[in-house]
Amino acid sequence: MLLLGAGLLALFFWPRPKPVTAPPEPPPAAHQASPRILFAQRTVPVPDDNPQTPAKVALGRQLFFDPRLSRDGKVACASCHQPRFAFSDGGKPVSTGIYGRKGQRNAPSLTNVAFRRHLFWEGRSPRLELQAVGPLTAHDEMGMEPDELSERLKAIPEYAKAFQEVFGEAPSLRSVTYAIAAFERTLLSYNSPFDRYQAGDDKAMSEAALRGMELFFSEKGDCFHCHVGPDFTDDEPRNTALYTVYKDIGLARATGKDEDVGKFKTPTLRNVALTAPYMHDGSIQTLREAVQHYNQGGQPNLNADALIRPLGLTDAEVDDLVAFLQSLTDESFTTNPAFLPPR
């Protein structure tokens with residue numbers, strides 16, 4: 001039974017192989033219980049102290065897009081996490097906060113963020129409610145003091161009423177972050193060409209993307225060890241040898257350990273074609289350049305992850321990998337009316 005269970009898990013989570021030219025045959029069993037269905041039916045983890053309700057999600061959505069949550073009234077959560085860029089800050093190495101202040105890191109995508117075990121680039125926050133405190137109060141992001149935020153929202157009749165209805169209390173930093181977290185847990189994406197291919201549509205992916213998929217999940221391409229599972233991330237901090245000397249020391253900023261210098265959390269690859277530029281500091285401009293960084297084995301670095309090494313991929317193979325990564329784009333995610341600014 002254990003061997004049977006392991007075999008079924010492998011069937012669900014490993015990509016289907018590229019179809020072979022042969023006489024038509026009945027679809028394999030994987031089509032009947034495909035990873036796309038499995039992924040879409042995953043239960044979103046919800047903390048006991050912040051249960052999801054439609055009213056709370058609606059309030060969180062309103063807050064997410066409202067610049068009045070910032071000190072100068074010009075920066076919303078959505079300013080740096082824009083729906084059309086898969087809730088990243090597309091095109092910007094780092095984001096711009098209040099009064100034109102520049103941040104220090106690239107704004108990551110919020111695609112399927114409900115499933116992330118570690119948040120922020122070094123993974124220092126274990127849950128969305130705590131993570132939201134950071135940008136709301138950070139000097140170079142939204143810059144609000146807790147009491148100031150509470151008083152501002154109390155003075156807006158619609159918010160005063162909504163918070164009373166949802167939380168039974170006046171607006172506070174805690175209730176603001178709980179509402180935003182509830183909305184962010186709805187940002188689910190499982191309708192890319194890759195998902196449709198896994199569900200049985202053999203025409204969903206191009207030939208180049210299929211070759212790239214084979215490379216991605218092979219020891220030659222060696223992407224799948226870190227970019228693993230339904231969201232193509234292990235959620236672990238790793239040093240990818242982006243630099244020999246890091247100005248931003250990454251996880252070491254939280255732990256104080258030398259061995260953690262340069263370690264940053266593995267990002268999801270879902271919708272990755274929409275989230276350029278790449279890396280924690282937005283220093284790599286294109287998806288192809290990002291693949292080439294790993295193909296070349298990075299820069300000399302004593303803390304580099306053991307998996308970082310020259311891959312020896314040809315230009316054609318790099319192109320195929322890029323085509324596969326592009327097949328992870330879910331166009332319906334960026335246009336879903338439930339994820340866009342409320343009227």
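It should be emphasised that the depicted structure is a prediction, and the values quoted were computed from it without experimental measurement.

Draft legend 1. Representation of unusual backbone geometry within the structure. With an omega dihedral of 0 degrees, the bond running from Ala 276 to Pro 277 counts as a cis peptide bond. Locating Pro 277 in the fold gives a position in the loop between β2 (264–265) and α13 (287–296). Unlike most non-glycine residues, Met 279 shows phi in positive territory, near 80 degrees. Along the chain, Met 279 turns up in the loop between β2 and α13. Met 279 sits in the buried class, given a relative accessible area of 13%.

Draft legend 2. Local environment of the pattern of salt bridges. Tallied over the full model, the rule gives 26 salt bridges. The salt bridge involving Asp 231 is made with Arg 116; its shortest N-O contact spans 3.2 Å. Placement of the pair is Asp 231 in the loop between α11 (207–216) and β1 (237–238) and Arg 116 in the loop between α4 (77–80) and α5 (128–131), with a sequence separation of 115 residues. By the burial criterion, Asp 231 is buried, and Arg 116 matches it. When the shortest N-O distance is used, the salt bridge between Glu 129 and Arg 127 registers 2.9 Å. By relative accessible area, which is 2% here, Glu 129 ends up buried.

Draft legend 3. Fine view of the confidence of the model for the protein. Of all residues in the protein, 88% have pLDDT values of 70 or greater, and the mean over the chain is 90. In this model residues 1–13 is a low-confidence stretch, pLDDT under 50, and it forms seven contacts with partners more than four residues away in sequence or in other chains. Contacts of residues 19–38 to residues separated by more than four positions or lying in other chains number 21 contacts, the stretch itself having pLDDT below 50.

Draft legend 4. Structural context of the packing of α11 against helix α14 (residues 315–326). Closest axis-to-axis distance for the α11/α14 pair is 7 Å, and the angle between their directions is 100 degrees. The angle between α11 and α14 falls in the class roughly perpendicular. The residues of α14 that touch α11, namely those facing Ala 208, Ala 209, Arg 211, Gly 212, Met 213, Leu 215 and Phe 216, are Glu 317, Asp 320, Leu 321, Ala 323, Phe 324 and Leu 325. Of the residues belonging to the contact of α11 with α14, the class tally is nine nonpolar, one polar and three charged.

Draft legend 5. Helix α9 (residues 173–184), seen in detail. Over its twelve residues, α9 runs 16 Å from end to end, which matches the ideal 16 Å to within 8%, given 1.5 Å per residue. Burial analysis of α9 places eleven of its twelve residues in the buried class, the great majority of the element. If you follow the buried residues of α9, they end up packed against α3 (54–64), α4, α5, α6 (133–137), α7 (146–154) and α8 (157–167).

Reading the values: rules and limits
Residues numbered from 1 in each chain as written. Predicted model: local features only at pLDDT ≥ 70, side-chain atom pairs only at ≥ 80, totals over all residues. Heavy atoms only, no water. Helix = DSSP H or I, 4+ residues; strand = E, 2+ residues; numbered from the N terminus. Buried < 20%, exposed > 50% of the residue type's maximum accessible area, 1.4 Å probe, protein only. Salt bridge = Lys/Arg side-chain N within 4 Å of Asp/Glu carboxyl O. pLDDT = per-residue confidence, 0-100. Contact = heavy atoms within 4.5 Å. Axes fitted to C-alpha atoms, helices over the stretch in contact; angles between N-to-C directions. Parallel < 35°, antiparallel > 145°, perpendicular 65-115°, else oblique. Nonpolar A, V, L, I, M, F, W, Y, C, P; charged D, E, K, R; others polar. Expected span 1.5 Å × (residues − 1).

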